[in-house]
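Residue-level structural notes
Listed below are the residues making up each chain.
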Amino acid sequence: MVAAAVTVSLLGLLPLGYVVITGILTGWPTLSALVFRPRVGELLLNTIGLVLITVPLTAAIGVAAAWLVGRTSLPGRRVFAVLLATPLAVPAFVNSYGWVSAVPSLNGLWSGVLIATLSYFPLVYLPCAAALRRLDPTVEEAAESLGSSAWGVFFRVILPQLRLPILGGALLVGLHLLSEYGAFAMIRFDTFTTAIVEQYRSTFNGPAANALAGVLVLLCLFLLIGESGARGRSRYARVGSGVARVTPRRSLGALTPVGYLFLGGLFALAIGVPFWSVIRWLFQGGAAVWTEPVLVQALLQTVGYGLVGAVVTCLLAFPIAFLAVRYPSRLSRGLESVNYLTSSLPGIVTALALVTISIRFVQPLYQTTVLVIVTYLLMFLPRALVNLRAGLAQVPVGLEEAARSLGKPPFAAFLSVTTRFFAPSALAAGALVFLGIVTELTATLLLAPSGTRTLAIQFWSKVNDIDYVGAAPYALLMIVLSLPVTYLLFARSRLVSVS
C-alpha cells in the first residue's frame, strides 16, 4: 500500500516539477523577458479581474439560493433544490456556445463573468445547502430571543457558520476560472489558459508557453494559500449531538415573488438559454445531424475514456485513502496533500508537463491512450480520494476483525465486509471522475492520439468551423451523460447533511 501510494504521489509531482525545472533551464534573462512584457500584463489584468468579480458573485448567488431552498417556506423549493444543481451537467464551453448562439455579440470580461457565474455557482450552492441543513437551530433562536432581527440572525449567526463551505466553493470556482479554456476562447476573452493553448499551437511548447504556465501556477498557489488563511482557526463544530428536530422555515411574505423571480431567473439563464440554443440548432439541422458516422464513435470513445479513467483513478486512489484512514501519519497526510496540490493546477499545465516528459524521456508514450489516462488520473484523483476516504472512515474495523477471528483470511475478510460498506462511496467517486473526463477539453486536445474523437473534441472542432448545427448533437450528448452524475452528487450532498 505504501509503495503504491508513494508511486502515485511522485507521479503527481511531475507537473509542478516540470514548471520549476523548465523555469530554471530557461534562465532568468529569457524568463524575465517573457514574463515582464505588455502582453502578460494584459493577460494578468484579465485573469485577476475575472477572478475578483466572478468569485464573490458566485458566492453571493450560491448562498442566496441555498438559503431560499433550505430555510424558507417558498412553495416548490424542493424542485428548485434539484434544478439549481443541474448547471453542473452543462460544461462551461457548452454554456458559452449556447449564449453565443443566442447573443452573437458577446465578448470581453463581462461576458466571461456572466458565463462563468452561471456555470459555476452550484459549486458554492451545493456545499452551502448541505451545511444549512446541519446547523443547530437553537443558536439562531437564542440570537432572536436576544433581540436580533431576521437579517441580523442571518449575517451574525448563519453566515459565519457557512464560512468553510463558502471558502471551499469559492476556491473551486477560482481554480476553474484559471483552468477554463473553451468558454473564454469562444467569446474572444483572453486569459492565461487561452494564451497558453494558442502559444503551444504556434510554437509547440516553446519557452513562452512555459513562462505563461509558470505564472498561472503561481496564481493557483496564491488562491490555495489565500483560502487556507481565510479559513482561520475558529471552531465550527458543537459539543454534543444537539437536539434532533426540523429547523423552522421562514415565510417570505410579500417577498415571495422576488424569491421566485431570483430562482426561476437563475435557472432560466443557467440552463434555459444553453438548452434552448442546443434544441434550436438541432431543429435547424433536422434528422441529418444524427446520421454523422463520427457521432457514434465519439460517444463510444468518450464513454470508454470515462470508464477506464474512472476505474484506474479509483484503484490508484485507494492506497492513499486506505493509509489516511487506517494508518494516519505525517506520511499519509503528505501523500494526500501532494495530490490535492497537483489537481489544483490547470489541466493545460499538467498536459504540457506530460507532453514534454513523454517526448524527451518516454517517447513511445507520446500521443497514446496511456498518457491521456495518466493525465486524467493526476487531474481527477482527489475527486476519488475524498469519496473513498469518507467511505472507508465509516466502515467499523471491528467487523473486519470479527470476520478474521471466524477464520477468514485478511484479504477475504476485507472483500466480504469492508468493500460492501464503502461500495456506494466508491461508485460515487467513479461517477465524479467520469463526469470530469466526459466534460474535459483542454488536456484531451493536447494529448489525445491522432484520430481520437471524443464528444468534447468533436464539439470543439465543429464550433471552430462555425458549424453550430453540427456541434449541437455533441453538446446534447455531453449533457445527457452528465445529468445522472449531477443528480448523484446532489443526492449524496443531502445524505451527508442528514448524517
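Nothing here was measured: the structure is a model prediction, and the numbers come from that model.

**Quick notes on the overall build of the protein chain**
Of regular secondary structure, the protein chain possesses 24 helices and zero strands. Here the protein chain has a C-alpha radius of gyration of 24 Å; the compact-globule value for 499 residues is 23 Å, and the two agree. Along the first, second and third principal axes, the C-alpha set of the protein chain runs to 65 × 65 × 55 Å. Long-range contacts, defined as pairs at least 24 residues apart, comprise 84% of the intrachain contacts of the protein chain with a sequence gap of at least 6.

**Some remarks on helix 6 (residues 92-102)**
Across the eleven residues of helix 6, ten count as buried, placing the element largely inside the fold. All of the buried residues in helix 6 are Ala92, Phe93, Val94, Asn95, Ser96, Tyr97, Gly98, Trp99, Val100 and Ser101.

**Here we look at helix 17 (residues 330-344)**
Because the α-helix completes a turn every 3.6 residues, residues three or four places apart line up on one side. With 15 residues, helix 17 extends 21 Å between its outermost C-alpha atoms, agreeing within 8% with the 21 Å of an ideal straight helix rising 1.5 Å per residue. Of all the positions in helix 17, only Ser332, Leu335, Glu336, Val338, Asn339, Thr342 and Ser344 are classed as buried.

**Concerning the pattern of salt bridges**
Counted by the stated rule, this structure contains five salt bridges. Put simply, Arg39 and Asp190 hold a salt bridge, and the shortest N to O gap is 3.3 Å. On the criterion of sequence distance, the pair formed by Arg39 in helix 4 (residues 38-71) and Asp190 in the loop between helix 12 (182-186) and helix 13 (192-203) is long-range, its members being 151 residues apart. Lys462 is the salt-bridge partner of Glu292, the closest N and O atoms lying 3.1 Å from each other. Within this pair, whereas Glu292 is found in the loop between helix 15 (256-285) and helix 16 (293-326), its partner Lys462 is found in helix 23 (residues 455-464), the two being separated by 170 residues in sequence. Salt bridges linked by common partners bring Arg39, Glu42 and Asp190 together as one network.

**Structural notes on the domain arrangement of the protein chain**
As a measure of interface size, the accessible area lost when the parts come together is often cited. Taken domain by domain, the protein chain holds domain 1 (1-13 + 286-494) and domain 2 (37-233 + 255-282). Computed from C-alpha atoms alone, the centre-to-centre distance between domain 1 and domain 2 is 23 Å. Tallying the contact residues gives 41 residues for domain 1 and 41 residues for domain 2. Carbon and sulfur atoms supply 79% of the area that domain 1 and domain 2 bury against each other, a total of about 3,500 Å² over both sides.

**Description of the packing of helix 18 (residues 347-360) against helix 19 (residues 369-393)**
The contact between helix 18 and helix 19 brings their axes to 10 Å, and the two run at 140°. Our classification of the angle between helix 18 and helix 19 gives oblique. At the point where helix 18 passes helix 19, the crossing takes the right-handed sense. Facing Gly347, Thr350, Leu354 and Ser358 of helix 18, the residues of helix 19 in contact are Leu371, Val374, Thr375, Leu378 and Met379.

**Digging into the nonpolar core**
Counting 152 residues, the largest nonpolar core has Tyr97, Tyr125, Leu177 and Phe459 as the members making the most contacts within it. Looking at which domains feed residues into this core, each of domain 1 (1-13 + 286-494) and domain 2 (37-233 + 255-282) supplies at least three.

**Digging into the side chain of Thr22**
With respect to the helices, strands and loops of the structure, Thr22 is situated in helix 2 (residues 14-26). From its side chain, Thr22 meets the backbone oxygen of Tyr18 in a polar contact 2.6 Å long.

**Some thoughts on a positive patch on the surface**
Where like charges cluster on the molecular surface, the positive patch consists of Arg78, Arg133, Arg134 and Arg249. Within the element layout of this structure, Arg78 appears in helix 5 (residues 77-83). According to the relative accessible area criterion, Arg78 is exposed, its value standing at 69%.

Cut-offs used in this document
- Residues numbered from 1 in each chain as written.
- Predicted model: local features only at pLDDT ≥ 70, side-chain atom pairs only at ≥ 80, totals over all residues.
- Heavy atoms only, no water.
- Helix = DSSP H or I, 4+ residues; strand = E, 2+ residues; numbered from the N terminus.
- Rg over C-alpha atoms; globule rule 2.2 N^0.38 Å.
- Contact = heavy atoms within 4.5 Å.
- Buried < 20%, exposed > 50% of the residue type's maximum accessible area, 1.4 Å probe, protein only.
- Expected span 1.5 Å × (residues − 1).
- Salt bridge = Lys/Arg side-chain N within 4 Å of Asp/Glu carboxyl O.
- Domains from an automatic or database assignment.
- Buried area = accessible area lost by both parts, 1.4 Å probe.
- Axes fitted to C-alpha atoms, helices over the stretch in contact; angles between N-to-C directions.
- Parallel < 35°, antiparallel > 145°, perpendicular 65-115°, else oblique.
- Left-handed = near helix turned anticlockwise from the far one by under 90°.
- Core = buried A, V, L, I, M, F, W, Y, C linked by side-chain atoms within 4.5 Å.
- Polar contact = N/O pair within 3.5 Å; in protein donor to acceptor, adjacent residues only side chain to side chain.
- Patch = residues over 30% accessible without salt bridge, like charges linked within 9 Å, V, L, I, M, F, W, Y side chains within 5 Å.
- Areas by Shrake-Rupley, 256 points an atom, 1.4 Å probe, with all protein chains shown as cover.
- Lys, Arg positive; Asp, Glu negative; His and termini not counted.
- Charge placed at Lys NZ, Arg CZ, Asp CG, Glu CD.

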